[in-house]
Amino acid sequence: MEEELMMTKEHRKVLMAVDESEERYLFGKDVISAIEDYNKELADSVMDRAEAIYRNSTTPMKLEKKIGSGDAKDVICETVERLGADILVMGCHGYGFFKRALLGSVSDHCSKHVKCPVLVVKRPKN
């Protein structure tokens with residue numbers, strides 16, 4: 001599940017994309033329902049953490065939460081375009097060369113296909 005967080009400060013639009021999902025599999029309806037519930041809880045948790053960061057900020061800004069689903073790279077690029085974001089801030093999984101070559105990189109794709117600057121934040125090594 002892909003989550004998008006759009007914040008505005010005066011006239012600037014920043015899109016922060018977060019992907020907390022794992023690989024997807026085919027399951028029965030009861031398992032799919034449980035996974036959807038888990039994904040909703042996960043999205044709420046990520047949004048709550050992001051909101052807490054900006055709530056404690058000394059810079060006043062408007063916060064708008066958006067949640068989308070689908071192929072992360074497509075959803076993020078389309079949302080950046082639709083919102084007219086001034087910057088895209090996103091994290092990366094930190095995959096090595098071979099895993100990134102096999103699975104692809106959402107942040108790499110987005111940095112090549114969106115019109116605004118992209119800031120990729122690496123996960124701490126701890």
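The rules behind these values
- Residues numbered from 1 in each chain as written.
- Predicted model: local features only at pLDDT ≥ 70, side-chain atom pairs only at ≥ 80, totals over all residues.
- Heavy atoms only, no water.
- Helix = DSSP H or I, 4+ residues; strand = E, 2+ residues; numbered from the N terminus.
- Buried < 20%, exposed > 50% of the residue type's maximum accessible area, 1.4 Å probe, protein only.
- Areas by Shrake-Rupley, 256 points an atom, 1.4 Å probe, with all protein chains shown as cover.
- Core = buried A, V, L, I, M, F, W, Y, C linked by side-chain atoms within 4.5 Å.
- Contact = heavy atoms within 4.5 Å.
- Expected span 1.5 Å × (residues − 1).

Asks: Before we go on, may I ask you to explain the overall build of the protein chain in this structure?
Replies: What the protein chain contains, in helices and strands, is four helices and five strands. Each helix and strand of the protein chain, ordered N terminal to C terminal, gives the series β-β-α-β-α-β-α-α-β. Counting only residues that meet the buried cut, the protein chain has 27% of its 126 residues in that class. For the protein chain, the accessible surface area stands at approximately 9000 Å², while carbon and sulfur atoms represent 54% of it.

Asks: How do you make sense of the nonpolar core when you look at a structure like this?
Replies: Note on soluble globular proteins: their nonpolar side chains tend to be buried together. Listed in full, the ten residues of the largest apolar core are Ala72, Ile76, Cys77, Val80, Ala85, Leu88, Met90, Cys110, Val114 and Cys116. Secondary structure elements with two or more residues in this core: α2 (72-83) and β4 (87-91). The dominant element in this core, judged by the number of residues it contributes, is α2, at four residues. If near-sequence neighbours (up to four positions away) are discounted, Cys116 is found in contact with Val80, Ala85, Asp86, Ile87 and Leu88.

Asks: Looking at this structure, how should I read α2?
Replies: Since there are 3.6 residues in each turn of an α-helix, residues three or four apart along the chain are aligned in direction. Taking 1.5 Å per residue as the helical rise, α2 with its twelve residues ought to reach 16 Å, and the 16 Å between its terminal C-alpha atoms agrees with that figure. Looking one or two residues beyond α2, the residue adopting positive phi is Gly84, at roughly 65°.

Asks: Even after reading the chapter, I still don't get helix α1 (residues 29-55), so can you show me in this structure?
Replies: Compared with an ideal rise of 1.5 Å per residue, which puts 27 residues at 39 Å, α1 spans 38 Å between its outermost C-alpha atoms and is within 8% of the ideal. Those residues of α1 not exposed but buried are Asn39, Leu42, Ala43, Val46, Met47 and Ala50.

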